[in-house]
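Chain and residue survey
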Amino acid sequence: QVQLVESGGGLVQVGGSLRLSCAPSGRAYSSYTMAWFRQVPGKERDFVAAINWDGARTYYADSVKGRFTISRDNAKITVYLQMTSLKPDDAAVYFCAAGPRATTQRSQYIIWGQGTQVTVSS
């Protein structure tokens, strides 16, 4: 069964940095758009960033523009989310997702990981 496996979450101080990774186990998704979403308890899962299949186009939520960078290494079949200048509002469970087209809409992504927790301490 195909899965997306996230890693890299953890505890970081306000203003710190963290890099999340996402790799599919099983079938390669080098032709898919990859994205990151995040969710806090009691709220919806929100779009964070996306990158198209060849890395030529990236998309970001306004709240993370200038602080987060999404990238992909198709040779390693891995997607990264570099997070800098972290704020308390960035604390959430971060989910990796794959889909056939670049979009901010959660419903368009068909494969999801289990999530990795990011905690930001002040």
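Our subject is the structure that appears above.
Residues numbered from 1 in each chain as written. Predicted model: local features only at pLDDT ≥ 70, side-chain atom pairs only at ≥ 80, totals over all residues. Heavy atoms only, no water.

1. Structural notes on the pairing of strand β8 (residues 78–83)
We count it as follows: For every residue, the accessible area obtained with a 1.4 Å probe (protein chains only) is divided by the maximum for its type, and the residue is called buried under 20%, exposed over 50%, and partly exposed between those limits. Secondary structure elements follow DSSP: runs of H or I no shorter than four residues count as helices, runs of E no shorter than two count as strands, and numbering proceeds from the N terminus. In short, DSSP must find at least two bridges between two strands for them to pair.
Where burial is concerned, most of β8 is hidden: five out of the six residues are buried. Sheet topology note: the strand β3 (residues 18–25)/β8 ladder contains five bridges and is antiparallel. By the bridge assignment, Ser-21 is partnered in β8 with Tyr-80. Bridge count for strand β7 (residues 68–73) against β8 is six bridges, and the pairing is antiparallel. Residue pairing in the sheet places Asp-73 in a bridge with Thr-78 of β8. Hairpin connection of β7 to β8: four residues between the antiparallel strands, including Ile-77 at a positive phi of 50°.

2. A look at the packing of aromatic side chains
In plain terms, the rule: Here is the rule: rings of Phe, Tyr and Trp (six-membered ring for Trp) pair when centre to centre is within 6.5 Å. Planes less than 30 degrees apart are stacked, more than 60 are edge-to-face, and the remainder are tilted. Criterion for a charge above a ring: Arg CZ or Lys NZ at most 6 Å from the ring centre, at most 35 degrees from the ring normal.
Enumeration over the complete set of coordinates arrives at four aromatic pairs. These aromatic residues form a ring-pair network of at least three members: Phe-37, Phe-47, Tyr-109 and Trp-112. Across the ring face of Phe-95, the terminal group of Arg-45 is positioned such that the distance to the ring centre comes to 3.5 Å. Across the ring face of Trp-112, the terminal group of Arg-45 is positioned such that the distance to the ring centre comes to 5.0 Å.

3. Re the state of the cysteines
Just so we agree on the cut-off: Disulfides are defined as cysteine sulfur pairs within 2.5 Å.
The full count for this structure, using the stated rule, is one disulfide. A sulfur-sulfur separation of 2.0 Å characterises the disulfide bridge that pairs Cys-22 with Cys-96. The sign of the -80° torsion about the S-S bond sets the Cys-22-Cys-96 disulfide as left-handed. With Cys-22 in strand β3 and Cys-96 in strand β9 (residues 92–99), this residue pair connects regions lying 74 residues apart in the sequence.

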